[in-house]
Amino acid sequence: MDSFIYSILIISILVFIIIRLILFFASKSCNGVPQKRLLLAMLSLLFPNLDVSVHDRTAEMLERSKGTIHIHQYSWFTGTKVLLTSDPANVCHVLSTNFSNYPKGSKWREHVDVLGDTLFSADFKEWEKERKTVRSFTSHHKFHQATTKIVWDRIQTGLIPVLQHASKLALLVDLQDLFQKLILDIAWMTSIGYNPNFLGIEFRKDPFSVALEDACEAAFSRFLMPHSLWKLHRWLGIGKEKKLKHAWQTIDRVFADCISKKQEESAKGEDHQEGCNFEGVYCVTGEDKAFRSAATRKGLRDNIVSFIFATQDTTSSVLTWFFYSVAKHPSVQAKIRDEIFKNNPQELNKLVYLHAALCETLRLFPPGPVLSRIAVEPDTLPSGHRINGNTNVVIAVHAMGRMTSIWGDDCHEFKPERWITAQGEITRVSHYQFPAFSAGPRICLGKELAFMMMKATAATIIYNYDIEIQEDHPAEPKSSVVFHMKHGLMARINSRGT
Ligand code: HEM
């Protein structure tokens, strides 16, 4: 029955689209970009299995149209006018100079409703309050001490035994899955001081990461569909909305499970296990009293789920694309290894070339491929484009990393050297040219933590192992708000006996 309703719905949407296509082809080009191209990009967003890479096409289109495309023609489909931009001056204007005119908006809040009411979905006064609270612990020195300890502990006692096991048995493992589990354990330990131990040689199923991935896919499809259409899907309980419902239940179940196990440990006085001699960030920083007294159970759930989402999905995605890119560039791998041998895998600040290789990964494969804002009042952008209130301004982060106007003719090449100055330091690039961590007042609060986790994990693996990516493994991105690999990253791990 489900599939019958779904087929009818798909057929009616297709008929509707075909009619609109005919009208499209009859119309003029948009900002110098032929309609046919815009159309292909739109279709590939809707039907990700078509053999076209939406993000590459977006970069191509933006390059041809000098960095900004006003897509009036799609308001019939999405219900909102869309302006797509990769122009750093516009990015600065929207994310910083005229910040108060560009909130995330109520639709965004609905798209990511599974995260609950948190910093990610809040705007204006509510956002200011949430940001102050979260910032007070992410900038606390005890937060840095605690997270550094947790990260190294999880790498030594969680990741290394799994890699040793896989190497000994010559197993083919999914690196994306391993990184998701590693960062998930770290995120749980950081937030509540409890280790769910998803990472282990049993290669246990990790329902939480799968649920988060499904939720991200559903959010992306809501972003592309007319409001009423995804709501209809939700009401009928079909497609991505059906998956989201299950994902939501799983997230709540795992959350409840982890909290009650943590409470059991605390009652037995067992929460000082495995080098984790603290109770999680809220307690460590002394922020917990205010937080806990004000927080309801839902508040706690929303904050923890959002923190895990911010930490896990982003960082594990970068690590996956990093190992894929490094495997394709053996000379880069050799330089990283050389640098680690000259220093020490634990001296992360000295690993400049590794840092540059991670920046290069973030440029080409940013975990958040787009940033979305809604204009409250009409405005004129630095590029000269005039927009009405309620226009959806989409910053094409992924496309920005692949534009000759920003990075030069070699923009498609993986070249960590571009990030290193003549003095051997990391080049400072404006966040408005490279908004992988966003920019302005809403800039990511976890950039340092993310680099620490990524550098510690990458240095440990490259120092101790050779990673052999499965030949012809398809490295395609998922159609999602996070740039996961659609088929994971299958590899064999060979111990170097160091
Ligand atoms: C490579 C890893 C990461 C990347 C690329 C990244 C990227 C981003 C981006 C693009 C945003 C802005 C989202 C938007 O405005 O729609 C953001 C926000 C945020 N990130 Fe990260 N992030 C990473 C890791 C982390 C980690 C580890 C944490 C944990 C503390 C974190 C905490 C946050 C928070 C709290 C916000 C919300 C800020 C606000 O809305 O005021 N992020 N991040």
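Each chain carries its own residue numbering, running from 1 in the written order of its sequence. In keeping with the predicted nature of the model, local features appear solely for residues at pLDDT of at least 70, side-chain atom pairs appear and are counted solely at 80 or more, and the whole-chain, interface and lining totals rest on all residues. To obtain the side-chain values, all non-hydrogen atoms of the structure were used and water was disregarded.

- Going by the annotation in an unreviewed UniProt entry, the name recorded for the protein is Cytochrome P450, with Gossypium stocksii given as the source organism.
- Regarding the protein, the UniProt comment filed under Cofactor (unreviewed entry) reads as follows: "heme". UniProt positions are given in the numbering used here, feature names are shortened, and annotations may be inferred rather than shown by experiment.

Looking at unusual backbone geometry
Okay, so step 1: Of note in the backbone geometry, A170 takes a positive phi value of approximately 50° without being a glycine.
Okay, so step 2: In this text, helices come from DSSP runs of H or I with a minimum length of four residues, and strands from runs of E with a minimum of two, each type numbered from the N-terminal end. With respect to the helices, strands and loops of the structure, A170 is situated in the loop between helix 8 (141-168) and strand 3 (172-174).
Okay, so step 3: Phi is positive for D472, which is not a glycine, with a value near 60°.
Okay, so step 4: Along the chain, D472 turns up in the loop between strand 8 (465-469) and strand 9 (490-495).

So, the site of the ligand
Okay, so step 1: By convention in these notes, a residue is near a molecule or strand provided one of its non-hydrogen atoms lies within 4 Å of it. The environment of the ligand is made up of 24 residues, and the closest members are W127, R131, R373, R442 and C444.
Okay, so step 2: Distance and chemistry together define a polar contact, namely a pair of N or O atoms within 3.5 Å, with one atom able to donate a hydrogen and the other to accept it when in protein, and with adjacent residues in sequence counting only for side-chain atoms on both sides. Separating an oxygen atom of the ligand from a side-chain N or O atom of K104 is a distance of 3.1 Å.
Okay, so step 3: In the environment of the ligand, an oxygen atom lies 2.7 Å from a nitrogen or oxygen atom belonging to the side chain of R131.
Okay, so step 4: Mapped onto the shell around the ligand, the elements with two or more residues apiece are helix 7 (124-138), helix 15 (297-328), strand 4 (371-374) and helix 20 (447-464).
Okay, so step 5: Among the elements that take part in the shell around the ligand, helix 15 stands out by supplying six residues, more than any other.

As for helix 5 (residues 88-97)
Okay, so step 1: In this scheme, a residue with accessible area under 20% of its type's maximum is buried, one over 50% is exposed, and one in between is partly exposed, where area comes from a 1.4 Å probe on protein chains only. Three or more residues of helix 5 are buried, namely N90, V91, H93, V94 and L95.
Okay, so step 2: In this description, contact between two residues means that some pair of their heavy atoms is separated by no more than 4.5 Å. Summarising the contacts, the buried residues of helix 5 are in contact with strand 1 (68-71), strand 2 (82-85), strand 4, strand 5 (379-380), strand 7 (392-395) and helix 18 (397-400).

Topic: the pattern of salt bridges
Okay, so step 1: We define a salt bridge as a contact between a side-chain nitrogen of Lys or Arg and a carboxyl oxygen of Asp or Glu at a distance within 4 Å. Applying the stated criterion across every chain, the model contains 29 salt bridges.
Okay, so step 2: Across the salt bridge formed by D113 and R222, the nearest N and O atoms sit 3.1 Å from each other. With a gap of 109 residues between them, D113 in the loop between helix 6 (106-111) and helix 7 and R222 in helix 10 (residues 207-224) connect regions that are remote in the sequence.
Okay, so step 3: Ionic pairing is found between R363 and E360, a salt bridge with its closest N-O pair at 2.8 Å. Note that R363 and E360 are positioned in helix 17 (residues 352-364) at a spacing of three residues, about one turn of the helix. As far as burial versus exposure is concerned, R363 and E360 are alike and both buried.

Points about the packing of aromatic side chains
Okay, so step 1: Each pair of aromatic rings taken from Phe, Tyr and Trp, with Trp reduced to its six-membered ring, is defined by centres within 6.5 Å and is described as stacked if the planes are under 30 degrees apart, edge-to-face if over 60, and tilted in the remaining cases. In total, this model carries 15 aromatic pairs according to the counting rule given.
Okay, so step 2: Between W321 and F483, the ring centres sit 5.4 Å apart and the planes meet at 35°, which makes this aromatic pair tilted. Taken together, the residues W321 in helix 15 and F483 in the loop between strand 8 and strand 9 connect sequence positions 162 residues apart.
Okay, so step 3: Taking relative accessible area as the criterion, W321 reaches 2% and is therefore assigned buried.
Okay, so step 4: An aromatic cluster is present here, built from W321, Y324, F365 and F483 joined pairwise through their rings.
Okay, so step 5: Just above the ring of W230 sits the side chain of R222; from NZ or CZ to the centre is 4.0 Å.
Okay, so step 6: Positioned above the aromatic ring of W407 is the side chain of R363, whose terminal nitrogen or guanidinium carbon lies 5.2 Å from the ring centre. For a lysine, the NZ atom is tested; for an arginine, the CZ atom; a charge sits over a ring if that atom is within 6 Å of the ring centre and within 35 degrees of the ring normal.

Considerations on the confidence of the model for the protein
Do not read the fine detail of predicted coordinates wherever pLDDT is low.
Okay, so step 1: Residue-level confidence of the predictor, termed pLDDT, takes values from 0 up to 100. On average, residues of the protein score 85 in pLDDT, and 82% of them are at 70 or above.
Okay, so step 2: This stretch, residues 43-52, has a pLDDT under 50; its non-local contacts, to residues over four places away or in other chains, come to 16 contacts.
Okay, so step 3: Taken together, the stretch residues 272-279 has pLDDT below 50 and engages in 24 contacts with residues farther than four places along the chain or on a different chain.

Looking at the UniProt feature "binding site: heme" (unreviewed entry) in the protein
Okay, so step 1: Residues annotated in UniProt with the feature "binding site: heme" (unreviewed entry) correspond here to C444.
Okay, so step 2: Here C444 is to be found in the loop between helix 19 (404-407) and helix 20.
Okay, so step 3: Since its relative accessible area comes to 33%, C444 is described here as partly exposed.

Regarding the side chain of S121
Okay, so step 1: Positionally, S121 belongs in the loop between helix 6 and helix 7.
Okay, so step 2: Engagement of the side chain of S121 in a polar contact is seen with the backbone oxygen of G116, the distance being 3.3 Å.

Thoughts on the sheet that holds strand 3
Adjacent strands of a sheet pair through backbone hydrogen bonds, lying either parallel or antiparallel.
Okay, so step 1: With respect to topology, three strands assemble into an open sheet ordered 3-9-8, the strand pairing being antiparallel. Across the chains shown, the open sheet's two edge strands, defined by having one partner strand only, are strand 3 and strand 8. For this sheet, the mean inter-axis angle between neighbouring strands, taken without regard to orientation, is 45°.
Okay, so step 2: Across three bridges, the pairing between strand 3 and strand 9 is antiparallel. Each residue of the ladder has a partner; that of V173, found in strand 9, is A491.
Okay, so step 3: Along the sheet, helix 20 contacts strand 8 and strand 9; its crossing angle with strand 8, the most-contacted strand, is approximately 95°. One requirement defines pairing of two strands: DSSP has to find at least two bridges between them. The axes are straight lines fitted to the C-alpha atoms, using for helices just the contacting stretch, and the angles between their N-to-C directions are given from 0 to 180°.

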